[in-house]
Amino acid sequence: MEQNNLQPEKTGKHDLRQLQVALLGFEAANEERLTQVFQIERSDDDCKYIAATPSNQAYSDILMVNYDNPAALQEKDMILDAHPRAQVVAVSRGPLDEPPAQHIRGILIAARVLSVLDKVSLEPRSETASVQSQVVTESILQPFAKKNAPQDQAIVTEKLAAAASTSIGGYRALVVDDSPAIQKSLELNLAILPQIGVIDFADSGESAIEKAETNQYDLIFLDVVMPGIDGYETCTQLRKKPEYKKTPIIMVSGRTSPLDEVKGVMAGCTTYLTKPVQPEAFQKLSSRVLAWLENRKKT
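Residues numbered from 1 in each chain as written. Predicted model: local features only at pLDDT ≥ 70, side-chain atom pairs only at ≥ 80, totals over all residues. Heavy atoms only, no water.

**Here we look at the overall build of the protein**
As a reminder, the rule being used: Put simply, DSSP H or I for four residues or longer makes a helix, DSSP E for two residues or longer makes a strand, and each gets a number counted from the N terminus. Accessible area is worked out with a 1.4 Å probe on protein chains only. A residue is then buried under 20% of its type maximum, exposed over 50%, and partly exposed in between. Only heavy atoms matter for contacts: two residues are in contact if any of them lie within 4.5 Å across the pair. Surface exposure here means Shrake-Rupley accessible area, sampled with a 1.4 Å probe, where a residue is shielded only by the protein chains that are shown.
Within the protein one finds 10 helices and 10 strands. The proportion of buried residues among the 299 residues of the protein is 44%. In the protein, of all internal contacts separated by at least 6 residues, the share reaching a separation of at least 24 is 70%. Accessible area for the protein stands at about 16300 Å²; split by element, carbon and sulfur atoms hold 50% of it.

This is the structure:
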(Lines give C-alpha, C1' and ligand atoms only; values in the text may rest on other atoms or scores of the structure.)
Protein backbone atom coordinates (compact mmCIF):
# COMPACT_ATOMS: atom_id res chain seq x y z
CA MET A 1 0.00 0.00 0.00
CA GLU A 2 1.43 3.40 -0.96
CA GLN A 3 2.03 5.81 1.88
CA ASN A 4 0.47 9.22 1.84
CA ASN A 5 3.06 12.00 1.63
CA LEU A 6 1.13 13.95 4.23
CA GLN A 7 2.05 12.42 7.58
CA PRO A 8 -0.77 12.67 10.16
CA GLU A 9 -0.09 14.12 13.54
CA LYS A 10 0.20 11.60 16.35
CA THR A 11 -3.16 12.22 17.90
CA GLY A 12 -3.93 8.58 18.65
CA LYS A 13 -6.63 8.62 15.96
CA HIS A 14 -4.49 7.81 12.91
CA ASP A 15 -5.10 4.63 10.94
CA LEU A 16 -3.63 1.56 12.61
CA ARG A 17 -2.50 -1.66 11.00
CA GLN A 18 -4.69 -4.32 12.59
CA LEU A 19 -3.33 -7.84 13.08
CA GLN A 20 -5.43 -10.82 14.12
CA VAL A 21 -3.97 -12.94 16.93
CA ALA A 22 -5.31 -16.47 17.53
CA LEU A 23 -5.07 -17.55 21.17
CA LEU A 24 -4.56 -21.32 21.31
CA GLY A 25 -4.70 -23.49 24.42
CA PHE A 26 -5.13 -20.84 27.11
CA GLU A 27 -7.42 -20.97 30.12
CA ALA A 28 -10.33 -18.52 30.07
CA ALA A 29 -8.67 -16.18 32.59
CA ASN A 30 -5.45 -15.89 30.56
CA GLU A 31 -7.38 -15.51 27.31
CA GLU A 32 -9.35 -12.64 28.84
CA ARG A 33 -6.13 -11.06 30.16
CA LEU A 34 -4.49 -11.19 26.73
CA THR A 35 -7.58 -9.74 25.08
CA GLN A 36 -7.40 -6.81 27.50
CA VAL A 37 -3.69 -6.35 26.73
CA PHE A 38 -4.51 -6.05 23.02
CA GLN A 39 -6.98 -3.25 23.82
CA ILE A 40 -4.31 -1.03 25.41
CA GLU A 41 -3.99 2.16 23.37
CA ARG A 42 -0.48 3.00 22.22
CA SER A 43 -0.42 6.41 20.57
CA ASP A 44 3.20 6.08 19.38
CA ASP A 45 2.61 2.81 17.52
CA ASP A 46 1.01 2.09 14.15
CA CYS A 47 -0.05 -1.49 14.90
CA LYS A 48 -3.06 -2.78 16.80
CA TYR A 49 -3.59 -6.40 17.83
CA ILE A 50 -7.03 -7.99 17.89
CA ALA A 51 -7.93 -11.34 19.45
CA ALA A 52 -9.27 -13.50 16.64
CA THR A 53 -12.86 -14.63 16.89
CA PRO A 54 -13.74 -18.32 16.44
CA SER A 55 -14.79 -17.60 12.85
CA ASN A 56 -11.41 -16.28 11.71
CA GLN A 57 -8.81 -18.03 13.88
CA ALA A 58 -7.82 -20.24 10.97
CA TYR A 59 -6.68 -17.14 9.05
CA SER A 60 -4.97 -15.18 11.82
CA ASP A 61 -1.73 -13.29 11.25
CA ILE A 62 -0.19 -14.47 14.51
CA LEU A 63 -0.72 -17.67 16.49
CA MET A 64 -0.05 -17.20 20.20
CA VAL A 65 0.28 -20.77 21.44
CA ASN A 66 0.40 -22.21 24.95
CA TYR A 67 3.25 -24.67 24.48
CA ASP A 68 2.41 -26.32 27.81
CA ASN A 69 -0.85 -27.57 26.25
CA PRO A 70 -0.30 -30.53 23.86
CA ALA A 71 -3.70 -30.04 22.20
CA ALA A 72 -2.77 -26.43 21.38
CA LEU A 73 0.33 -27.65 19.54
CA GLN A 74 -1.84 -29.93 17.43
CA GLU A 75 -4.18 -27.05 16.61
CA LYS A 76 -1.18 -24.87 15.70
CA ASP A 77 0.06 -27.47 13.22
CA MET A 78 -3.37 -27.80 11.65
CA ILE A 79 -3.70 -24.04 11.16
CA LEU A 80 -0.18 -23.75 9.73
CA ASP A 81 -0.97 -26.51 7.21
CA ALA A 82 -3.85 -24.39 5.92
CA HIS A 83 -2.24 -20.97 6.45
CA PRO A 84 1.57 -21.30 6.39
CA ARG A 85 2.17 -17.52 6.48
CA ALA A 86 0.93 -17.23 10.06
CA GLN A 87 3.70 -16.48 12.57
CA VAL A 88 3.99 -18.30 15.90
CA VAL A 89 4.59 -16.81 19.35
CA ALA A 90 5.27 -19.44 22.00
CA VAL A 91 4.09 -19.04 25.60
CA SER A 92 5.36 -21.38 28.31
CA ARG A 93 6.04 -21.51 32.03
CA GLY A 94 9.57 -22.80 31.56
CA PRO A 95 12.24 -23.17 28.86
CA LEU A 96 11.59 -24.95 25.55
CA ASP A 97 13.97 -27.25 23.70
CA GLU A 98 13.33 -25.68 20.29
CA PRO A 99 11.32 -22.48 20.78
CA PRO A 100 10.24 -20.37 17.80
CA ALA A 101 11.91 -17.01 17.22
CA GLN A 102 9.43 -15.28 19.55
CA HIS A 103 8.90 -16.81 22.99
CA ILE A 104 7.18 -15.43 26.10
CA ARG A 105 8.29 -17.30 29.20
CA GLY A 106 6.59 -16.88 32.56
CA ILE A 107 3.93 -14.37 33.57
CA LEU A 108 1.97 -12.64 30.81
CA ILE A 109 2.95 -9.06 31.60
CA ALA A 110 1.36 -6.55 29.22
CA ALA A 111 4.59 -4.78 28.26
CA ARG A 112 6.33 -8.09 27.61
CA VAL A 113 3.48 -9.43 25.47
CA LEU A 114 3.28 -6.31 23.31
CA SER A 115 7.06 -6.09 22.99
CA VAL A 116 7.29 -9.65 21.65
CA LEU A 117 4.37 -9.19 19.27
CA ASP A 118 6.01 -6.05 17.88
CA LYS A 119 9.05 -8.15 16.94
CA VAL A 120 7.05 -10.57 14.79
CA SER A 121 7.95 -10.21 11.12
CA LEU A 122 4.96 -10.52 8.83
CA GLU A 123 4.78 -10.64 5.06
CA PRO A 124 2.32 -8.09 3.67
CA ARG A 125 -0.90 -9.62 2.39
CA SER A 126 -2.36 -8.74 -0.96
CA GLU A 127 -5.94 -7.53 -1.03
CA THR A 128 -6.83 -10.57 -3.18
CA ALA A 129 -5.48 -12.98 -0.57
CA SER A 130 -7.35 -11.19 2.20
CA VAL A 131 -10.62 -11.33 0.27
CA GLN A 132 -10.12 -15.01 -0.53
CA SER A 133 -9.50 -15.82 3.13
CA GLN A 134 -12.62 -13.92 4.13
CA VAL A 135 -14.73 -15.71 1.52
CA VAL A 136 -13.47 -19.14 2.59
CA THR A 137 -14.05 -18.38 6.26
CA GLU A 138 -17.55 -17.06 5.64
CA SER A 139 -18.46 -20.07 3.50
CA ILE A 140 -17.30 -22.43 6.25
CA LEU A 141 -18.98 -20.66 9.15
CA GLN A 142 -22.06 -19.03 7.61
CA PRO A 143 -24.34 -21.80 8.98
CA PHE A 144 -23.36 -20.74 12.52
CA ALA A 145 -24.27 -17.07 12.08
CA LYS A 146 -27.52 -17.63 13.94
CA LYS A 147 -26.29 -20.30 16.31
CA ASN A 148 -28.46 -18.98 19.13
CA ALA A 149 -31.65 -19.27 17.11
CA PRO A 150 -33.75 -22.40 17.76
CA GLN A 151 -33.22 -25.11 15.13
CA ASP A 152 -36.15 -26.29 13.09
CA GLN A 153 -36.06 -30.09 13.35
CA ALA A 154 -37.78 -30.49 9.99
CA ILE A 155 -35.06 -28.42 8.27
CA VAL A 156 -32.31 -30.40 10.01
CA THR A 157 -33.93 -33.68 8.99
CA GLU A 158 -34.16 -32.48 5.39
CA LYS A 159 -30.46 -31.51 5.42
CA LEU A 160 -29.53 -34.92 6.80
CA ALA A 161 -31.46 -36.67 4.06
CA ALA A 162 -29.87 -34.47 1.42
CA ALA A 163 -26.40 -35.14 2.81
CA ALA A 164 -26.95 -38.87 2.74
CA SER A 165 -28.00 -38.82 -0.91
CA THR A 166 -25.43 -36.35 -2.28
CA SER A 167 -22.05 -37.51 -1.09
CA ILE A 168 -20.23 -36.45 -4.27
CA GLY A 169 -18.08 -33.42 -3.49
CA GLY A 170 -18.75 -33.62 0.26
CA TYR A 171 -16.58 -34.91 3.07
CA ARG A 172 -17.40 -38.18 4.80
CA ALA A 173 -17.44 -38.07 8.61
CA LEU A 174 -17.44 -40.93 11.11
CA VAL A 175 -18.87 -40.39 14.60
CA VAL A 176 -17.70 -43.02 17.12
CA ASP A 177 -19.53 -42.95 20.45
CA ASP A 178 -21.61 -45.40 22.46
CA SER A 179 -23.95 -42.61 23.62
CA PRO A 180 -26.96 -42.01 21.33
CA ALA A 181 -27.28 -38.48 22.76
CA ILE A 182 -23.69 -37.56 21.78
CA GLN A 183 -24.17 -39.16 18.37
CA LYS A 184 -27.27 -37.03 17.80
CA SER A 185 -25.56 -33.87 19.04
CA LEU A 186 -22.65 -34.29 16.63
CA GLU A 187 -25.02 -35.30 13.85
CA LEU A 188 -26.98 -32.06 14.19
CA ASN A 189 -23.81 -29.97 14.27
CA LEU A 190 -22.30 -31.71 11.25
CA ALA A 191 -25.53 -31.75 9.24
CA ILE A 192 -25.65 -27.97 8.88
CA LEU A 193 -22.14 -27.83 7.41
CA PRO A 194 -22.50 -27.74 3.60
CA GLN A 195 -19.06 -29.34 3.17
CA ILE A 196 -20.19 -32.57 4.89
CA GLY A 197 -21.61 -35.13 2.46
CA VAL A 198 -22.13 -38.28 4.57
CA ILE A 199 -22.23 -38.97 8.32
CA ASP A 200 -21.69 -42.54 9.52
CA PHE A 201 -21.83 -43.87 13.08
CA ALA A 202 -20.12 -46.53 15.19
CA ASP A 203 -20.77 -47.36 18.84
CA SER A 204 -17.43 -49.05 19.62
CA GLY A 205 -13.79 -48.96 18.66
CA GLU A 206 -14.01 -52.33 16.96
CA SER A 207 -16.94 -51.17 14.84
CA ALA A 208 -15.10 -47.97 13.94
CA ILE A 209 -12.05 -49.86 12.70
CA GLU A 210 -14.26 -52.19 10.68
CA LYS A 211 -16.07 -49.25 9.05
CA ALA A 212 -12.77 -47.49 8.37
CA GLU A 213 -11.59 -50.54 6.43
CA THR A 214 -14.60 -50.50 4.13
CA ASN A 215 -15.05 -46.72 3.78
CA GLN A 216 -12.63 -43.81 3.45
CA TYR A 217 -13.40 -41.08 6.00
CA ASP A 218 -12.19 -37.49 5.79
CA LEU A 219 -12.65 -36.74 9.50
CA ILE A 220 -13.41 -38.83 12.58
CA PHE A 221 -14.96 -37.89 15.92
CA LEU A 222 -13.82 -40.46 18.49
CA ASP A 223 -15.10 -41.04 22.03
CA VAL A 224 -12.50 -41.94 24.65
CA VAL A 225 -14.45 -44.22 27.00
CA MET A 226 -16.27 -47.01 25.15
CA PRO A 227 -16.99 -50.71 25.63
CA GLY A 228 -14.21 -52.90 24.25
CA ILE A 229 -11.11 -51.03 23.13
CA ASP A 230 -11.07 -47.39 24.19
CA GLY A 231 -10.62 -44.32 22.04
CA TYR A 232 -6.85 -44.13 22.55
CA GLU A 233 -6.29 -47.66 21.24
CA THR A 234 -8.77 -47.10 18.41
CA CYS A 235 -6.90 -43.97 17.38
CA THR A 236 -3.56 -45.79 17.54
CA GLN A 237 -4.84 -48.58 15.28
CA LEU A 238 -6.35 -46.11 12.80
CA ARG A 239 -3.06 -44.18 12.58
CA LYS A 240 -1.27 -47.40 11.61
CA LYS A 241 -3.30 -47.47 8.39
CA PRO A 242 -1.57 -45.46 5.62
CA GLU A 243 -4.84 -43.91 4.47
CA TYR A 244 -5.48 -42.46 7.95
CA LYS A 245 -2.00 -41.09 8.70
CA LYS A 246 -3.15 -37.46 8.28
CA THR A 247 -6.93 -37.75 8.73
CA PRO A 248 -8.25 -35.33 11.39
CA ILE A 249 -9.21 -37.45 14.42
CA ILE A 250 -11.00 -35.44 17.11
CA MET A 251 -11.22 -36.99 20.56
CA VAL A 252 -14.60 -36.31 22.19
CA SER A 253 -14.40 -36.57 25.95
CA GLY A 254 -15.47 -35.06 29.24
CA ARG A 255 -11.97 -35.84 30.53
CA THR A 256 -9.62 -33.03 29.48
CA SER A 257 -6.88 -33.12 32.09
CA PRO A 258 -3.29 -32.55 30.86
CA LEU A 259 -2.63 -36.29 31.29
CA ASP A 260 -5.64 -37.19 29.13
CA GLU A 261 -4.51 -34.74 26.46
CA VAL A 262 -1.00 -36.18 26.47
CA LYS A 263 -2.41 -39.70 26.08
CA GLY A 264 -4.51 -38.49 23.17
CA VAL A 265 -1.54 -36.84 21.46
CA MET A 266 0.56 -39.98 21.94
CA ALA A 267 -2.24 -42.03 20.39
CA GLY A 268 -2.24 -39.68 17.40
CA CYS A 269 -5.38 -37.58 17.88
CA THR A 270 -5.52 -34.18 16.20
CA THR A 271 -7.31 -32.25 18.95
CA TYR A 272 -9.98 -32.50 21.66
CA LEU A 273 -13.68 -31.61 21.79
CA THR A 274 -15.18 -31.47 25.27
CA LYS A 275 -18.48 -33.11 26.20
CA PRO A 276 -21.19 -31.92 26.21
CA VAL A 277 -20.49 -30.45 22.77
CA GLN A 278 -20.93 -26.65 22.80
CA PRO A 279 -21.80 -24.78 19.55
CA GLU A 280 -18.98 -22.25 19.97
CA ALA A 281 -16.35 -24.94 20.56
CA PHE A 282 -17.62 -26.92 17.59
CA GLN A 283 -17.56 -23.74 15.49
CA LYS A 284 -13.91 -23.04 16.29
CA LEU A 285 -12.85 -26.60 15.64
CA SER A 286 -14.82 -27.06 12.42
CA SER A 287 -13.35 -23.89 10.91
CA ARG A 288 -9.83 -25.25 11.39
CA VAL A 289 -10.57 -28.79 10.25
CA LEU A 290 -12.48 -27.74 7.13
CA ALA A 291 -9.87 -25.13 6.20
CA TRP A 292 -7.17 -27.80 6.46
CA LEU A 293 -9.18 -30.28 4.38
CA GLU A 294 -9.86 -27.67 1.71
CA ASN A 295 -6.16 -26.78 1.57
CA ARG A 296 -5.18 -30.46 1.27
CA LYS A 297 -7.48 -30.89 -1.73
CA LYS A 298 -5.53 -28.20 -3.58
CA THR A 299 -2.13 -29.81 -3.02
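After presenting the structure, the write-up continues.
**Some details on the pairing of strand β3 (residues 62-66)**
Along any regular strand, the residues point their side chains to alternate faces of the sheet. The condition is simple: Pairing between strands is defined by DSSP: at least two bridges between the two strands are required.
A large share of β3 lies buried, amounting to five of its five residues. Pairing of strand β1 (residues 17-24) with β3 involves four bridges; the strand directions are parallel. Bridged to Leu-23 within β3 is Met-64. Where β3 and strand β4 (residues 87-92) come together, five bridges link them in parallel fashion. Paired with Val-65 across the strands is Ala-90, a residue of β4.

**Points about the sheet that holds strand β8 (residues 219-223)**
The pairing of strands in a sheet happens through backbone hydrogen bonds and is either parallel or antiparallel. As a reminder of what qualifies: To get an axis, a line is fitted to the C-alpha atoms, and for a helix only the part in contact is used. The angle between two axes follows their N-to-C directions and goes from 0 to 180 degrees.
On the basis of which strands lie adjacent, the open sheet formed by five strands has the order β7-β6-β8-β9-β10 and parallel pairing. Of all strands in the sheet, those with a lone pairing partner are β7 (196-202) and β10 (271-274), marking the two edges. On average, each strand axis in the sheet is inclined to that of its neighbour by 20 degrees, with strand direction left out of account. Note: strand β6 (residues 171-176) against β7, six bridges, orientation parallel. Across the sheet, Ala-173 pairs through a bridge with Ile-199, a residue of β7. Each of β6 and β7 is contacted by helix α7 (residues 205-214), which is oriented at about 140 degrees to β7, the strand it contacts most. Across the sheet, helix α8 (residues 231-239) touches β8, β9 (249-253) and β10, and the angle it forms with β9 is around 175 degrees.

**What to know about the confidence of the model for the protein**
Note the threshold: The pLDDT value expresses, per residue, how confident the predictor is, ranging between 0 and 100.
Averaged over all residues, the pLDDT of the protein is 78; the fraction at 70 or higher stands at 76%. Between the elements of the protein, mean pLDDT differs from a low of 37, seen in helix α4 (residues 127-141), to a high of 96, seen in β8. Across residues 1-14 the pLDDT falls below 50, and counting only partners more than four positions away or on other chains, this stretch makes seven contacts in the model. Within the model, the stretch residues 124-168 combines pLDDT values under 50 with 53 contacts to residues more than four positions away or in other chains.

**So, the nonpolar core**
The condition that has to hold: Working definition of a nonpolar core: buried Ala, Val, Leu, Ile, Met, Phe, Trp, Tyr and Cys residues. They are joined through side-chain atoms within 4.5 Å.
Judged by nonpolar contacts, the single largest core of 22 residues is most densely connected at Leu-186, Leu-190, Leu-219, Phe-221, Leu-273 and Phe-282. Among the secondary structure elements, those contributing two or more residues to this core are β6, α6 (180-191), β7, β8, β9 and α10 (279-298). Top element by residues in this core is α10. It accounts for six residues. In this structure, Leu-273 is in contact with Leu-186, Phe-221, Ile-250, Met-251, Val-252, Ser-253, Ala-281, Phe-282 and Leu-285, ignoring residues within four places of it in sequence. In this structure, Val-89, Leu-114, Val-120 and Leu-122 belong to the second largest nonpolar core, which totals 21 residues.

**Description of the packing of aromatic side chains**
Selection rule: A pair of Phe, Tyr and Trp rings is counted when the ring centres sit within 6.5 Å of each other, with Trp represented by its six-membered ring. The angle between the planes then sorts it: under 30 degrees is stacked, over 60 is edge-to-face, the rest tilted.
Using the criterion set out here, one finds two aromatic pairs in the structure. Arranged with centres 6.1 Å apart and planes meeting at 20 degrees, the rings of Phe-221 and Phe-282 form a pair that is stacked. Residue Phe-221 is located in strand β8, and its partner Phe-282 is located in helix α10; the two are separated by 61 residues in the primary sequence. Per residue, the accessibility class of Phe-221 equals that of Phe-282, and both read buried.

**Looking at the pattern of salt bridges**
Applied cut-off: The term salt bridge refers to a pairing of a side-chain nitrogen on Lys or Arg with a carboxyl oxygen on Asp or Glu at a separation within 4 Å.
Under the defined criterion, the tally for this structure stands at eight salt bridges. The partner of Arg-288 in a salt bridge is Glu-75, and the shortest N-O contact between them spans 2.1 Å. Remark: Glu-75 occurs in helix α2 (residues 70-82) and Arg-288 occurs in helix α10; sequence separation between them is 213 residues. The pair formed by Arg-288 and Glu-75 is uniform in burial state, with each residue classed as buried. The partner of Arg-172 in a salt bridge is Asp-200, and the shortest N-O contact between them spans 2.9 Å. On the criterion of sequence distance, the pair formed by Arg-172 in strand β6 and Asp-200 in strand β7 is long-range, its members being 28 residues apart. Residue class for Asp-200 comes out buried when judged on its relative accessible area of 15%. Because the salt bridges share partners, they merge into one network encompassing Asp-177, Asp-223 and Lys-275.

**Quick notes on the sheet that holds β4**
Within the open sheet, the five strands sit side by side as β2-β1-β3-β4-β5. Their pairing is parallel. Each edge of the sheet is formed by a strand with only one pairing partner; in this case those strands are β2 (47-51) and β5 (102-105). Going across the sheet, the axis of each strand differs from the next one's by a mean of 25 degrees, ignoring polarity.

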